[in-house]
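Below, each chain spelled out in residue letters.
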Amino acid sequence: MTRCPMDSFDPFSPFYLSDPYLYYAQLPPLFYYEQLNLWVISKHEDVEAVLKDPYTFSAVNSLDPIASFSEAARRELGHHFPQPPTLVNADVDVHRRIRPIVQRAFSPRRVKTMERPIRSLAAELISDLPRTEPFDLVARLSYPVPAYVIFKLLGFPPQDFTMLKSWCGNRLDFLFGLSSDMQQLDIAKRMRLYWNYCIDFIRRKFSAPGDDLTTDLIAIRREEPDLLTELEIAALIFNLSLAGHETTTNLISNAVRRLLEHRQAWEALGADSDLVPGAVEETLRYDTSVISWRRVTTKPVSLHGQVIPVNSNILLLLAAAGRDPDKFRTPERFDIYRNDSGSHLAFGKGIHYCAGASLARLEAGIVLELLTKAFPDLQLEPDRRLDFISNLSLRGPKELWVRTSTADRT
Ligand code: HEM
């Protein structure tokens, strides 16, 4: 068994989090990472093959907490967790039943209805951005847009948004981080409130339907009660609001950061919004927001001369796949004009392919289009170090400080 040859490989270290790509360039295609009991796969071809074979590589472990829950957190979560697996961590049979339902509810029509509200929200937030002082783009733009969009899509009432956002907190740390017992307890309390809210919300929606995704799911249950339980609808709502939130925040932040590091690309986008989709895809390839994802083997697998035993946890380095020189020419170059960036694996591949990919692309595209036009002279605030949440799978800066050139002169 190949162990990681780099003593310094530690996916929770600040060095790794600040630039995991430095490490990826030196990794073997497959190695066993003992500290987290994970087999790590980094080549594009292998990652893609794993994603396309859900029978050999099951997704049931993809939302398992990295660190086991403390006793106090477990008590706080009570009998509500784990929730019934519905999509991303469902086995093939459950997934086959539920994915088409979500596909129906998450229709292109539904995503299309979001375009106007996203545009007007982004325009409003952008017009409020200060021109004479530096500001944190995450707090002002890349966090609120996806939060608002997913809450609205699900039909949560606007007066609840602030409360819901406060419950979201750092819940991703709970699953993909190494939070302390105190932090776990705090997150568990919020998750329980959020979960109870989802259950109540579904019940209210049964009697007061709206034009939203939750209502669509309820309508499907009414038509065919055997297809979906009430608890599964609640789990879907709970998980969609998780999946559709920080992932897209990070995409927007990473895109703005990389474009500002490549000034000409930023200016080119401002002058020609047709370049926006290419810039979004290139960010997903070059600096994606879900850097790794997990699977578990259902039988022994031979790969690169090694045998991965049955029931082994696998870590797929989606971000490393995006920089694989065997797949992408000059992979270390951020280039919004390249024509091969679309074959990134940032949204996965196969049956679990991200259900929200078109929504994420729409949100990021609108923000980039409006921001590059409104702020052609935006720049990264010099001498600000970027900090990243300590997390195995999701990656984006906690804050992204930017300023206009006018702010420079004040
Ligand atoms: C940049 C933004 C996003 C990224 C990078 C991303 C990435 C991913 C990845 C890597 C997976 C797992 C694929 C697999 O296991 O094969 C996934 C699944 C999923 N994502 Fe996303 N996602 C993003 C945005 C969203 C949004 C906005 C939503 C919903 C509103 C969403 C909903 C889902 C769902 C429901 C699944 C599970 C699909 C299934 O198992 O059938 N995602 N996403």
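Here, residues in each chain are numbered from 1, in the same order as that chain's written sequence. Only residues with pLDDT of at least 70 are given local features in this predicted model, and only at 80 or more are side-chain atom pairs given and counted; all residues enter the totals for whole chains, interfaces and linings. As a convention, hydrogens and water are excluded, and side-chain values are obtained from all of the structure's heavy atoms.

Brief notes about the overall build of the protein chain
Under the scheme used here, helices are H or I runs from DSSP no shorter than 4 residues and strands are E runs no shorter than 2 residues, and both carry numbers assigned from the N terminus. Looking only at helices and strands, the protein chain has 20 helices and 10 strands in total. Taking 410 residues into account, the globule formula puts the C-alpha radius of gyration at 22 Å, and the protein chain, at 21 Å, falls close to it. C-alpha atoms of the protein chain, sized along the principal axes, occupy 60 × 60 × 40 Å. Counting the 410 residues in the protein chain, one finds 57% classified as buried. In the protein chain, 74% of the contacts between residues at least 6 apart in sequence involve partners at least 24 apart. Throughout, the radius of gyration refers to the C-alpha atoms, and the reference size of a globule is 2.2 Å times the residue count to the power 0.38. Each residue gets one of three labels from its accessible area relative to the maximum for its type: buried under 20%, exposed over 50%, partly exposed in between, using a 1.4 Å probe on protein chains only. Should any heavy atoms of two residues lie within 4.5 Å, those residues are considered in contact.

Observations regarding the coordination of the iron atom of the ligand
Donor atoms are limited to N, O and S found within 2.8 Å of the metal ion, a distance that becomes 3.2 Å for Na, K and Ca. With water left out, some sites might look partial. Exactly one donor from the protein chain reaches the iron atom of the ligand: Cys354 (SG), at 2.3 Å. Inspection of the secondary structure assignment puts cysteine 354 in the loop between helix H18 (318–322) and helix H19 (357–374).

Observations regarding the pattern of salt bridges
Put simply, a salt bridge is a Lys or Arg side-chain nitrogen that is within 4 Å of an Asp or Glu carboxyl oxygen. For the structure on display, the rule yields 29 salt bridges. Arginine 96 is the partner of aspartate 93 in a salt bridge, and the nearest nitrogen-oxygen pair spans 3.3 Å. Placement of both aspartate 93 and arginine 96 in helix H5 (residues 92–105) is noted, with a separation of three residues, approximately one turn of the helix. Two residues, glutamate 230 and arginine 203, come together in a salt bridge whose shortest N-O distance is 3.2 Å. Residue glutamate 230 is found in helix H14 (residues 230–243), and its partner arginine 203 is found in helix H12 (residues 181–207); the two are separated by 27 residues along the sequence.

Focus on the layout of surface pockets
Here a cavity is any set of points on a 1 Å grid over the protein atoms alone where a 1.4 Å probe fits but cannot get out, and a pocket is any open set with protein on both sides within 12 Å along at least 5 of 7 lines; a residue lines the site when it has an atom within 4 Å of a point. Grid points are joined across faces, edges and corners, and a volume is the space filled by probe spheres set on the points. Of the pockets and cavities examined, the largest pocket occupies roughly 470 Å³. Around the largest pocket sit 21 residues that line it, and Leu63, Phe81, Pro82, Gln83 and Leu175 are the ones nearest its centre. Elements with a contribution of two residues or more to the lining of the largest pocket: helix H4 (71–77), helix H11 (171–176) and H14. Gly is put with the polar residues, along with every residue not named as nonpolar or charged; the nonpolar set is Ala, Val, Leu, Ile, Met, Phe, Trp, Tyr, Cys and Pro, and the charged set is Asp, Glu, Lys and Arg. Here the residues of the lining of the largest pocket sort into 14 nonpolar, four polar and three charged. Taken as a whole, the second largest pocket holds about 340 Å³ of empty space. Lining the second largest pocket are 17 residues; nearest its centre among them are Val138, Tyr143, Glu246, Ile389 and Lys398. Of the residues in the lining of the second largest pocket, the class split is six nonpolar, five polar and six charged.

Some thoughts on the sheet that holds strand E9 (residues 379–380)
Pairing between strands is defined by DSSP: at least two bridges between them are needed. Taken in spatial order, the three strands line up as E4-E10-E9 in an open sheet, and their pairing is antiparallel. The strands lining the two open edges of the sheet, one partner per strand, are strand E4 (135–136) and E9. Taken together, the two bridges between E9 and strand E10 (residues 401–403) define a ladder with antiparallel strand orientation. In the sheet register, leucine 380 faces E10, and the bridge partner there is valine 402.

A look at the packing of aromatic side chains
Only Phe, Tyr and Trp rings are paired, with Trp represented by its six-membered ring, and only when their centres lie within 6.5 Å; those with planes under 30 degrees apart are stacked, over 60 edge-to-face, the remainder tilted. Inspection of the entire model under this criterion finds 18 aromatic pairs. Here phenylalanine 151 and phenylalanine 156 contribute two aromatic rings whose centre-to-centre distance is 5.8 Å and whose plane-to-plane angle is 45 degrees, an arrangement assigned as tilted. The buried category is assigned to phenylalanine 151, whose relative accessible area is 0%. For phenylalanine 156, a relative accessible area of 2% translates into the label buried. When the ring of phenylalanine 156 is compared with that of tyrosine 197, the centres are 5.3 Å apart and the planes differ by 80 degrees; the resulting orientation is edge-to-face. Residue phenylalanine 156 is located in the loop between helix H9 (144–154) and helix H10 (161–168), and its partner tyrosine 197 is located in helix H12; the two are separated by 41 residues in the primary sequence. As far as burial versus exposure is concerned, phenylalanine 156 and tyrosine 197 are alike and both buried. Linked through ring pairs, Tyr148, Phe151, Phe156, Phe161, Trp167, Tyr194, Trp195, Tyr197, Phe201 and Phe238 together constitute an aromatic cluster. Positioned over the ring face of phenylalanine 375 is arginine 131, at 4.0 Å from the centre of the ring. We count a charge as sitting over a ring when the NZ of a lysine or the CZ of an arginine lies within 6 Å of the ring centre and within 35 degrees of the ring normal. The ring of tryptophan 401 is capped by arginine 384, whose NZ or CZ atom sits 4.3 Å from the centre of that ring.

Let's talk about the packing of helix H15 (residues 246–261) against helix H16 (residues 263–271)
For the pair H15 and H16, interaxial distance at closest approach is 4 Å and the crossing angle is 110 degrees. What the angle tells us is that H15 and H16 run roughly perpendicular. Each of Val256, Leu259, Leu260 and Glu261 in H15 lies in contact with H16, whose residues at this interface are Arg263, Ala265, Trp266 and Leu269. When its residues are assigned to classes, the contact of H15 with H16 shows six nonpolar, no polar and two charged. Axis definition: a line fit to C-alpha positions, over the contact stretch in the case of helices; interaxial angles, taken between N-to-C directions, run 0 to 180 degrees. For classification purposes, an angle smaller than 35 degrees is called roughly parallel, one larger than 145 roughly antiparallel, one from 65 to 115 roughly perpendicular, and anything else oblique.

Some remarks on the site of the ligand
We define proximity as follows: a residue is near a molecule or strand when any one of its heavy atoms falls within 4 Å of that partner. Near the ligand lie 30 residues; those nearest to it are His95, Arg99, Arg295, His352 and Cys354. A 3.5 Å cut-off defines polar contacts: any pair of N or O atoms within that distance qualifies, except that in protein one atom must be a possible hydrogen donor and the other a possible acceptor, and neighbouring residues in sequence count only when both atoms are side-chain atoms. Side-chain polar atom of histidine 95 to an oxygen atom of the ligand: 2.6 Å apart, as the coordinates give it. One of the side-chain nitrogen or oxygen atoms of arginine 295 is found 2.9 Å away from an oxygen atom of the ligand. Put plainly, a molecule is in a cavity or pocket when over half of its atoms are within 2 Å of the grid points there. Judged by the fraction of its atoms near the pocket grid, the ligand is located in the largest cavity. Contributing elements (two or more residues each) for the shell around the ligand: H5, H14, H15, strand E5 (293–297) and H19.

Here we look at unusual backbone geometry
The phi torsion at asparagine 311 lies on the positive side, around 65 degrees, for a residue other than glycine. Relative to the elements of secondary structure, asparagine 311 occurs in the loop between strand E7 (306–308) and strand E8 (313–316). Unusually for a residue other than glycine, aspartate 383 sits at a positive phi of about 65 degrees. When you line up the elements, aspartate 383 lands in the loop between E9 and E10. Overall, aspartate 383 belongs to the exposed group, its relative accessible area being 82%.

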